[in-house]
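Okay, here's what each chain looks like letter by letter:
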Amino acid sequence: MSRHLRWLLIALPLAAACSGGGDQKLLVYSPHGRDLLSLFETTFEAENPGVDVRWLDMGSQEIYDRVRSEKANPQADVWFGGPSTIFARGAEENLLEPFRPSWAGAIPAGYNDPADRFFAAYRTAPVLLFNSAAIAPEDAPADWEDLLDERWHDQILIRDPLASGTMRIFFGMILERSLRTTGDPRSGFEWLGRLDGQTKEYVLNPVLMVEKMVRQEGLLTVWELTDALWQLERRMPLDYRFPSSGTPIIVDSIGLVAGAPNGELGKRFIEWVGSPEAQELAAREAFRLPARNDLPTEDLPAWAREVLENIVPAEVDRDVIERHGPDWMSTWDRSVRGKGAA
């Protein structure tokens with residue numbers, strides 16, 4: 001059994017007990033997946049002899065819920081990955097401890113927490129992902145509105161947004177746009193209702209969603225750019241498009257858990273994650289687009305240069321999504337899910 005799965009099955013009290021011994025233990029909660037986490041585990045341990053990096057891979061919302069439930073007895077040292085909107089909620093509930101890494105000044109304005117409780121590590125975005133064996137590129141949806149076309153009825157799979165930071169950002173963009181243009185989120189909920197009427201299934205996890213897409217149990221989805229690039233790398237029959245009207249840039253963040261059992265080691269890990277070495281490693285080996293804006297473009301892999309040339313950032317007020325997001329998602333779950341356009 002892999003270390004990842006072993007830690008998923010071990011109760012957290014045991015995790016705390018196992019933090020003793022000769023090695024320095026570092027526990028990371030992250031949605032970044034096995035590929036990046038294993039790479040960073042191996043590399044960081046090689047550069048820091050005596051350190052034992054352990055990680056739990058789960059959805060962004062699940063991490064927030066878990067860190068919140070452990071507030072009185074923190075288990076994790078670092079919260080690594082997830083939209084800044086979720087980190088902001090955690091920061092407001094004192095789940096994160098201020099720590100300003102040396103690379104903070106290399107991050108674009110507005111990407112970091114003003115109180116130094118979390119910082120941007122990467123950028124990503126929702127894209128339109130489709131089964132390329134069933135849909136020719138020229139026939140694939142080119143924008144969000146195309147998802148509502150009758151030809152895609154019952155062909156859309158959606159990652160359950162209550163557990164997915166990516167989907168919460170996408171839904172938040174629709175509702176924030178409605179609020180900004182009409183003064184009310186009503187038209188945004190109506191749009192999501194029409195999308196619900198097109199949706200075949202809300203899938204519990206990304207792995208299952210991709211499997212269903214490959215088996216053509218659904219042909220379309222909205223999903224995160226990094227995972228889309230991984231699927232292409234693995235030669236899955238999938239492809240993606242950037243929506244022509246723009247896509248919300250997800251500021252993928254990192255922060256030190258308040259009361260972390262190994263806080264100093266957690267700070268060392270955060271410092272390393274934002275270093276040019278680790279940023280370029282993540283871009284080269286794991287399809288992460290660096291948040292730093294001081295890295296030479298020519299040092300980035302071809303896929304990153306292509307993304308920077310083609311992506312259209314949408315106008316989105318992340319503060320509004322952060323403020324209203326929990327209530328919006330509760331309303332969607334109660335009043336829209338499974339009810340279609342009605």
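Residues numbered from 1 in each chain as written. Predicted model: local features only at pLDDT ≥ 70, side-chain atom pairs only at ≥ 80, totals over all residues. Heavy atoms only, no water.

### Considerations on the pattern of salt bridges
Applicable threshold: Between Lys or Arg on one side and Asp or Glu on the other, a salt bridge is scored when a side-chain nitrogen of the former is within 4 Å of a carboxyl oxygen of the latter. Helix numbers and strand numbers start at the N terminus; a helix is a DSSP run of H or I with at least 4 residues, a strand a run of E with at least 2. Here the term buried applies to any residue with accessible area under 20% of the maximum for its type, exposed to any over 50%, and partly exposed to those in between, with areas from a 1.4 Å probe on protein chains only.
All chains considered together, the criterion is met by 18 salt bridges. Ionic pairing is found between D116 and R100, a salt bridge with its closest N-O pair at 3.2 Å. Of this pair, D116 sits in the loop between β4 (96-97) and β5 (119-124) while R100 sits in the loop between β4 and β5; the two residues are 16 residues apart in sequence, bridging distant segments of the chain. The partner of R292 in a salt bridge is D294, with the nearest N and O atoms 2.8 Å apart. Owing to a relative accessible area of 12%, R292 belongs among the buried residues under this scheme. Of the residues examined, D294 reaches a relative accessible area of 39% and is grouped as partly exposed. Salt bridges sharing common partners tie together E201, E211, K212, R215 and E217.

### Observations concerning the nonpolar core
The cut-off we apply is this: Nine residue types can take part in a nonpolar core, namely buried Ala, Val, Leu, Ile, Met, Phe, Trp, Tyr and Cys, and a core is a set of them joined through side-chain atoms within 4.5 Å.
Counting residues in each nonpolar core, the largest one holds 107 residues, and the members touching the most others are F40, F80, F170 and F269. Looking at this core, the element that brings in the most residues is helix α6 (residues 165-182), giving six residues.

### Some remarks on the confidence of the model for the chain
Which entries qualify depends on this criterion: On a scale of 0 to 100, pLDDT captures the predictor's confidence in every residue. Two residues form a contact once any of their heavy atoms are found within 4.5 Å.
For the chain, mean pLDDT is 91; residues scoring 70 or higher make up 93% of the total. Note that pLDDT drops below 50 for residues 1-22; the model gives that stretch 30 contacts with residues more than four away or on any other chain.

### Describing the packing of aromatic side chains
Let me state the cut-off plainly: Classification of ring pairs rests on two measures: the distance between centres of Phe, Tyr or Trp rings, Trp counted by its six-membered ring, which must be within 6.5 Å, and the angle between planes, read as stacked under 30 degrees, edge-to-face over 60 and tilted in between.
Using the criterion set out here, one finds 18 aromatic pairs in the structure. With a centroid separation of 5.1 Å and 85° between ring planes, the pair formed by W230 and F287 is classed as edge-to-face. One end of the pair, W230, is in helix α9 (residues 225-233); the other, F287, is in the loop between α11 (276-286) and β12 (289-290), and 57 residues separate them in sequence. Across the pair, F287 and W230 agree in class, each one buried. Look at F269 and W272: their rings are 6.2 Å apart centre to centre, the planes differ by 35°, and that puts the pair in the tilted class. Note that F269 and W272 are positioned in helix α10 (residues 263-273) at a spacing of three residues, about one turn of the helix. The exposure class assigned to F269 is buried, which follows from its relative accessible area of 2%. Classification of W272 as buried rests on a relative accessible area of 7%. Each residue in the set F40, F44, F80, Y122, F269 and W272 is aromatic and connected to the rest through ring pairs, giving one cluster.

### Some thoughts on the pairing of strand β11 (residues 250-257)
Put simply, the rule reads: Only when DSSP finds a minimum of two bridges between them are two strands counted as paired.
Burial analysis of β11 places eight of its eight residues in the buried class, which makes it a mostly covered element. For strand β3 (residues 78-83) and β11, the ladder comprises four bridges, and the chain directions are antiparallel. By the bridge assignment, P83 is partnered in β11 with D252. When β5 meets β11, the two strands line up antiparallel, connected through five bridges.

### Details of the environment of W191
Topologically, W191 is positioned in helix α7 (residues 186-198). Looking at W191, the relative accessible area reads 6%, which means it is buried. Expressed as a C-alpha distance, the spacing of W191 and E145, which sit 46 residues apart in the sequence, is 9.1 Å. Those residues in contact with W191 that lie beyond four places of it in its chain are W144, E145, L148, F170 and I174.

### What to know about α7
Side chains three or four residues apart in an α-helix point the same way, a direct result of the helix having 3.6 residues per turn. Going by this rule: For a helix, the expected span equals 1.5 Å multiplied by the residue count minus one.
Given a rise of 1.5 Å per residue, 13 residues ought to cover 18 Å, and the 19 Å separating the end C-alpha atoms of α7 matches this to within 8%. All of the buried residues along α7 are G188, F189, W191, L192, G193, L195, D196 and Q198. Of the surrounding secondary structure, the elements contacted by the buried residues of α7 are β7 (156-159), α6, β8 (199-203) and α13 (318-335).

### Describing the layout of surface pockets
Selection criterion: Detection works on a 1 Å grid of protein atoms alone, calling trapped sets that fit a 1.4 Å probe cavities and calling open sets with protein on both sides within 12 Å along at least five of seven lines pockets, with lining residues defined by an atom within 4 Å of a point. Grid points are joined across faces, edges and corners, and a volume is the space filled by probe spheres set on the points. When residues are sorted by character, Ala, Val, Leu, Ile, Met, Phe, Trp, Tyr, Cys and Pro go into the nonpolar class, Asp, Glu, Lys and Arg into the charged class, and all the rest, Gly among them, into the polar class.
Here the largest pocket is characterised by a volume of approximately 920 Å³. Around the largest pocket, the lining is made up of 39 residues, and of these P31, G33, P206, W223 and D227 lie nearest the centre. Here the lining of the largest pocket is built from residues that sort into 15 nonpolar, 12 polar and 12 charged. Size it by volume and the second largest pocket reaches roughly 220 Å³. Contributing to the lining of the second largest pocket are 14 residues, with A88, N112, F118, D319 and E322 lying nearest its centre.

### Description of the side chain of Q231
In this structure, Q231 sits in helix α9. Sequence-distant contacts of Q231, that is, excluding residues within four places in its chain, are made with V210, M236 and L238.

### What to know about the pairing of strand β1 (residues 24-30)
Defined as follows: With its strands directed away from the observer, a crossover is right-handed exactly when the path from the first strand over the helix to the second travels clockwise.
In terms of burial, β1 is largely enclosed, as six of its seven residues are buried. Summarising the sheet, β1 and strand β2 (residues 51-57) pair through seven bridges and their orientation is parallel. Across the sheet, K25 pairs through a bridge with D52, a residue of β2. Of the crossover connections in this fold, the one passing from β1 over helix α3 (residues 33-47) to the parallel β2 is right-handed.

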